[in-house]
Amino acid sequence: GAGVSQSPRYKVAKRGQDVALRCDPISGHVSLFWYQQALGQGPEFLTYFQNEAQLDKSGLPSDRFFAERPEGSVSTLKIQRTQQEDSAVYLCASSLGRLAGGPGTGELFFGEGSRLTVL
Amino acid sequence: SQQGEEDPQALSIQEGENATMNCSYKTSINNLQWYRQNSGRGLVHLILIRSNEREKHSGRLRVTLDTSKKSSSLLITASRAADTASYFCALLTGGGNKLTFGTGTQLKVEL
């Protein structure tokens, strides 16, 4: 597609439920990032993929968070046993290559985000 | 953790005025980028300035970078109501594989 697509746009979960958020990056983009954005805050880095390899998961807040990109295109962020503090907007972004020294302009292209509310 | 701090947190101006927002940081950087976010939407890239550059222009945007003071500023000239949004600086540091975003400046441009 023309841009980064995320689904669902809105998700309401009861505490303890598992959720899965999907990201469809721009076709051909090698790098894929997940960010978490709390209300009124800037995006916080969660994890980074280069093709199918998860090269950095230092931002994942707990072992309840898991991300995958098995074929190097679509990615899924899974949150197990959701807690109220998981309520946030989850943003996916892609980039043509590595942000530094790779092809492309070094900018991120963001999706519209998935807003998760945990009751 | 947010590595960029933006100032002011909120800014309200009249249409036609200039808007200036600042970003300060603590680490050395590869480049610094500015993004805009309209309410409830994703972020949109505005401009990128590399660590060896001091000033860049793009349309009504002007970005400066002072690596000795570890600060950057974004100037929007002749603002329009459509410029109302949150603006974030983002730092590319270290190995260069992730952008770290600042706390944001909420800009409101009134008619």
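In case you missed it, the structure is sitting above this.
Calculation rules
- Residues numbered from 1 in each chain as written.
- Chains lettered and ligands numbered in written order.
- Predicted model: local features only at pLDDT ≥ 70, side-chain atom pairs only at ≥ 80, totals over all residues.
- Heavy atoms only, no water.
- Contact = heavy atoms within 4.5 Å.
- Buried area = accessible area lost by both parts, 1.4 Å probe.
- Salt bridge = Lys/Arg side-chain N within 4 Å of Asp/Glu carboxyl O.
- Polar contact = N/O pair within 3.5 Å; in protein donor to acceptor, adjacent residues only side chain to side chain.
- Helix = DSSP H or I, 4+ residues; strand = E, 2+ residues; numbered from the N terminus.
- Buried < 20%, exposed > 50% of the residue type's maximum accessible area, 1.4 Å probe, protein only.
- Pairing = 2+ DSSP bridges.
- Axes fitted to C-alpha atoms, helices over the stretch in contact; angles between N-to-C directions.
- Core = buried A, V, L, I, M, F, W, Y, C linked by side-chain atoms within 4.5 Å.
- Disulfide = S-S within 2.5 Å.

Trainee: Help me out: how do you make sense of the interface of chain A and chain B in this one?
Mentor: Bring the parts together and some accessible area is lost; that lost area is often taken as the interface size. Listed per partner, the contact involves 24 residues of chain A and 24 residues of chain B. A combined buried area of about 1800 Å² lies between chain A and chain B, and 45% of that area is made up of carbon and sulfur atoms. When residues of chain A are sorted by the area they lose upon contact with chain B, Leu99, Phe110 and Glu112 of chain A head the list and together hold 23% of the total. Put simply, chain A and chain B have two salt bridges between them. When the shortest N-O distance is used, the salt bridge between Lys98 of chain B and Asp56 of chain A registers 3.9 Å. Applying the counting rule to chain A against chain B returns seven residue pairs in polar contact (both at pLDDT 80 or more).

Trainee: Explain the side chain of His29 of chain A to me, please; I cannot follow it from the model alone.
Mentor: Residue and element names in this part refer to chain A. Relative to the assigned elements, His29 resides in the loop between strand E3 (19-24) and strand E4 (31-37). A relative accessible area of 9% means that His29 is categorised as buried. If we ignore the near neighbours within four places in the chain, the residues touching His29 are Arg69, Ser94, Ser95, Leu96 and Phe109.

Trainee: Would you mind showing me how to read the sheet that holds strand E8 (residues 71-76) of chain B here?
Mentor: Pairing between the strands of a sheet comes from backbone hydrogen bonds, and it takes one of two forms, parallel or antiparallel. All names here are of chain B. A sheet is described by the order of its strands in space; here five strands give the open sequence E1-E3-E8-E7-E6, paired in antiparallel fashion. Two strands in the sheet have a free side with no partner beyond their single neighbour: strand E1 (4-7) and strand E6 (55-58). Strand-to-strand twist of the sheet, defined as the mean angle between neighbouring strand axes without regard to direction, takes the value 15°. Sheet topology places strand E3 (residues 19-25) next to E8; six bridges connect them, and they run antiparallel.

Trainee: Sorry, what's going on with the nonpolar core here?
Mentor: General note: in soluble globular proteins, nonpolar side chains tend to be found buried as a group. Counting 22 residues, the largest nonpolar core has Met21, Leu32, Trp34, Leu74, Ile76, Tyr87 and Leu107 of chain B as its most contacted members. Elements with a minimum of two residues in this core: E3, strand E4 (31-37), strand E5 (43-50), strand E7 (61-66), E8, strand E9 (85-92) and strand E11 (105-110) of chain B. Discounting residues that sit within four places of it in the chain, Tyr87 of chain B has contacts with Glu6, Met21, Tyr35, Arg36, Leu46, Leu74, Ile76, Gly104, Thr105 and Leu107 of chain B. Among the nonpolar cores identified, the runner-up in size contains 20 residues, and Ile26, Leu46, Phe65 and Tyr90 of chain A belong to it.

Trainee: What's the story with the sheet that holds E3 of chain A in this structure? I'm lost.
Mentor: Residue and element names in this part refer to chain A. Spatially, four strands are ordered E1-E3-E8-E7 in an open sheet, and the strand pairing comes out antiparallel. Both outer strands of the open sheet, strand E1 (5-7) and strand E7 (65-68), are each paired with one neighbouring strand and no more. The average undirected angle you get between the axes of adjacent strands in this sheet is 15°. With three bridges joining them, E1 and E3 adopt antiparallel strand pairing. Directly across from Gln6, in E3, lies its bridge partner Cys23.

Trainee: Which parts of the structure should I look at to understand the state of the cysteines?
Mentor: In a disulfide, the sulfur atoms of two cysteines are held together by a covalent bond. In total, this model carries two disulfides over all chains according to the counting rule given. Through a disulfide, Cys23 of chain A is tied to Cys92 of chain A; the S-S separation comes to 1.9 Å. Here the disulfide of Cys23 of chain A and Cys92 of chain A is left-handed, its torsion about the S-S bond being about -70°. Highlighted residues: Cys23 of chain A in strand E3 and Cys92 of chain A in strand E9 (residues 88-95), separated in sequence by 69 residues. Each of the two residues, Cys23 of chain A as well as Cys92 of chain A, counts as buried. In this model Cys23 of chain B forms its disulfide with Cys89 of chain B; the gap between the sulfur atoms is 2.1 Å. The S-S bond linking Cys23 of chain B to Cys89 of chain B shows a torsion near 60°; that makes this disulfide right-handed. With Cys23 of chain B in strand E3 and Cys89 of chain B in strand E9, the pair connects residues that are 66 residues apart, well separated along the chain. Residue Cys23 of chain B is classed as buried on the basis of its relative accessible area, which comes to 1%.

Trainee: Help me out: how do you make sense of the pairing of E3 of chain B in this one?
Mentor: Regular strands place side chains that alternate from one sheet face to the opposite one. Residue and element names in this part refer to chain B. Every second residue of E3 is oriented toward a common face, the buried set being Ala19, Met21, Cys23 and Tyr25 and the non-buried set Thr20, Asn22 and Ser24. Sheet topology places E1 next to E3; four bridges connect them, and they run antiparallel. Bridge pairing in E3 places Glu6 opposite Cys23.

No statement about biological role is implied by the geometric values presented.
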